[in-house]
Structure formats: C-alpha cells, structure tokens
Amino acid sequence: MSTNLLLVSPYNVNFYGGVQNQVKLFKDGLDKTNFNVRILAPDSSDYNIGNSFKIPFNGSNNPVSLLPNKKILNEAISWADIIHIHEPFIPLFFWRIKTSKKIVVTHHAKISKFIYFGLKCLYLTLKNKNYYSTAVSDEAKANALTLSKKTRIIPNFIDINENIFFIPNNNFLFIGRNESRKNLKLFINLSKSLDKTREFIAITNKSSKDGLIKYLINISDDEKNSIIKNVGFFIAPQTHSESFGITILEAINAGNIAICSNLTAFNDLLGDSGIYFKNDNLHSLLNVLNQLNNADLDKIWNKQYDHINKYYNSQKVLDDWIYVYNNL
C-alpha cells in the first residue's frame, strides 16, 4: 500500500537554494519507492500556494510565501497521509494548520539569537504538538530546541556521481548569492591576488565590476552541474549563519577540491577531509593555496569524495527517511 507524502517548502521552487534542492531530491528519490510524493510550495507544479516575495531573513533575501492560497493548502492537507515541513521557522502560517495528520519538520537554517528568542516565545503558544522533529546538522538542531527537546539529525544528501574523478585544472569556483554572508568579496579579492592564468567562475545572482571573474547569473541546475565539473578548487568563503553547506558537497561530487572558511558547520560537514582557512582572511586562504602547491591533490580530493559518499549518499539518507516515515 502506498503512502501520500506532502513535502512543504516556503521557498519558491524556481529559485536556487538549499531547501529547494533537497525537496526536489526527496521527490526524485522517493518517487521510486512506495511513496506518492507531491510538493506544496510557491510555483510548485503539484500544489502552488501562490506568489512569493523576497524578504530578508538570516542575512539573505529569499523568495518566500507567507500568505498561501487557503483552498490549495486545504486540498494538499486532505490528500496527504504525512506532511513533511521543511524550514518551519519561515512559514509561520503552517503552524496554524488544524489537522490530525502525521507531521515531520526539518530545520535547515542557523538563525540569530534575536530571532531564536522571538520564535521561542511565539511557539510557546502553539497547541499542535503532533510532529516529529529533525535537523540537518548540530548547528540547525540548536534552533530546533525552541520546538522540541528530542530532535534527530538527518543530514542533507546528494546523488553521488560514480563516474567523476579529479583533474588538476587549478581554476576556482564560487557558488552562492551575492550577499555579505556568502562573501563573494573575498573570492573577488582572491582573483586579484593570483596570476592571470587562472580562471575564476562565480555562479551567483548578481555580478560585480571588481575582479577577474566570469559571472554566471541565475543559471539552471542542469547548466550549473555541467559547468562545475573539474574546475579545480571550490572556495566556500561564507562568514556566518551557515548550518550545512550543500554546495560544498556538490562541488566535491563534480571533481573539485573544497576549501572552506573554518566555520563550525563546515568543520562538521567535512571533518578531517576538509581544507580550511581562517574566516574572512585572504592571507590565510593564500597560505592554504600555497601549501597545496606541493600536496598530492588527487589524494586530497579522493579523501573528500569518500567522505561525502559515506555520509551524504542519497541512497543511505533516504533509507533513514523511509524508516522515519514508516514508524511515525
């Protein structure tokens, strides 16, 4: 007997983002099992809850819907056996849903202390406790404590590319929105500091006039996946408010060595397979790159690739989710 699973996202599915990425992977992976999967989100082809608007949240501007179409919302709830809400801190309206259906929530973001305190006060008034709480990392789990003392960590995941290998092209890649916490500025400064034979590629939403960067603006996932293969080095220069780092996994999975700022989330993500530099410190990044000149790059990439295959392989993680759904 099949189960109807409703994946809920506040973010517009036509915009790139970590949550949207995971929701699509959930649907693609679980559609091959005994689950019927539909997505409730702005611009979803299953249940489109209406227009989204870019609002500032946690250092980003995200296309979010806060006022869903009530008819569509009720239709989706009626269809579902299980409701899986991604990022419950954003769609506050979902917590007003009156239903006896089984609910799972997944916390993705690391939020500020100010927002944490406000949400903690808000959620004290909630009466609907019929949910199973999960988080993608320890950083995200800290936020989940406003809702539940029992939160299970189940990480984000990717489809592992089994036909990829490392090619030492020595070029540089950045993926992320052009906003302060993603720190495209450091990537630009890096392009000014190295010799002009290197290529610098930034997949982002808005270009800048500085630096020697090839900007690729708002490209599709298919275009992105084609471009990032074997660039060389992926730079993750984020400065704060990171809870996971799905683009780091994607870059390694496309044949690149990931070099990350030493945020807790990135250390947790890659462990001893990671290459780290001091947060927002160009001098430290240049020193790391200089040390890599004499390193066995193929060995470094293989260690990172083996690590992500061990912990973030979609087959393994989806098996964990199937267990959760079947035992709610």
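Figured I'd write up the structure that's included with this text.

Parameters and conventions
Counting restarts for each chain: residues are numbered from 1 in the order of the written sequence. Reporting of local features is limited, given that this is a predicted model, to residues whose pLDDT is at least 70; pairs of side-chain atoms are given and counted only at 80 or more, and all residues count toward the totals for whole chains, interfaces and linings. Side-chain measures here rest on the full set of heavy atoms in the structure, leaving out hydrogens and waters. Under the scheme used here, helices are H or I runs from DSSP no shorter than 4 residues and strands are E runs no shorter than 2 residues, and both carry numbers assigned from the N terminus. Burial status follows relative accessibility: with a 1.4 Å probe on protein chains alone, a residue under 20% of its type maximum counts as buried, one over 50% as exposed, and anything between as partly exposed. Whether two residues touch is decided by their heavy atoms; if any such pair falls within 4.5 Å, the residues are in contact. Salt-bridge detection follows one rule: a side-chain nitrogen of Lys or Arg within 4 Å of a carboxyl oxygen of Asp or Glu. As used here, the arc belongs to the directions running from the helix axis to the C-beta atoms. The definition of a polar contact used here is a pair of N or O atoms within 3.5 Å, where within protein one atom must be able to donate a hydrogen and the other to accept one, and adjacent residues in sequence count solely through side-chain atom pairs. Between any two strands, pairing holds if DSSP finds at least two bridges. Working convention: axes come from line fits to C-alpha atoms, limited for helices to the stretch in contact. Angles between N-to-C directions cover 0 to 180 degrees.

1. Comments concerning the overall build of the protein
Argument step 1. Counting its secondary structure elements, the protein contains 11 helices and 15 strands.
Argument step 2. For the protein, the residues scored as buried account for 55% of the 328 residues in total.
Argument step 3. Sequence-distant contacts, at least 24 apart, represent 67% of the contacts inside the protein between residues at least 6 apart.

2. Here's the deal with unusual backbone geometry
Argument step 1. Although it is not a glycine, aspartate 43 adopts a positive phi angle of roughly 70°.
Argument step 2. Counting through the fold element by element, aspartate 43 comes out in the loop between strand E2 (35–41) and strand E3 (47–48).
Argument step 3. In this structure aspartate 43 comes out as partly exposed when scored by relative accessible area, which is 37%.
Argument step 4. In the Ramachandran plot, aspartate 280 falls in the positive-phi region, its phi being about 55° despite a non-glycine side chain.
Argument step 5. Turning to its location among the elements, aspartate 280 is positioned in the loop between strand E15 (275–277) and helix H9 (282–292).
Argument step 6. What makes aspartate 280 partly exposed here is its relative accessible area of 47%.

3. Here we look at the pattern of salt bridges
Argument step 1. Counted according to the given criterion, the structure contains nine salt bridges.
Argument step 2. Between lysine 27 and aspartate 46 there is a salt bridge whose closest N-O contact spans 3.7 Å. Taken together, the positions of lysine 27 in helix H1 (residues 18–30) and aspartate 46 in the loop between E2 and E3 put the pair 19 residues apart, joining distant regions of the chain.
Argument step 3. You can call aspartate 46 partly exposed: its relative accessible area is 28%.

4. Overview of H9
Argument step 1. Restricting attention to buried positions, one finds in H9 the residues Ser284, Leu285, Val288, Leu289 and Leu292. Looking straight down H9, one finds that the buried residues subtend no more than 140° of arc, so they occupy a single side. Seen from the open side of H9, the exposed residues pointing more than 90 degrees away from its buried face are His283 and Gln291.
Argument step 2. Those residues of H9 that are buried lie in contact with strand E10 (171–175), helix H5 (184–193), strand E13 (232–236), strand E14 (257–261), E15 and helix H10 (297–311).
Argument step 3. Structurally, the start of H9 carries an N-cap: the backbone nitrogen of histidine 283 is 3.1 Å from a side-chain oxygen of asparagine 281.

5. Quick word on the sheet that holds strand E11 (residues 200–204)
Argument step 1. The strand order across the open sheet formed by six strands is E12-E11-E10-E13-E14-E15, and the pairing between neighbours is parallel. Here the strands that pair on one side only, and so sit at the sheet edges, are strand E12 (213–217) and E15. Here the strands of the sheet are splayed against their neighbours by 25° on average, with no regard to which way each runs.
Argument step 2. Bridging between E11 and E12 involves five bridges; their strand directions are parallel. Within E12, the position partnered with alanine 202 by the bridge is tyrosine 215.
Argument step 3. Its contacts with the sheet place H9 against E10, E13, E14 and E15, and it is angled at close to 145° to E15.

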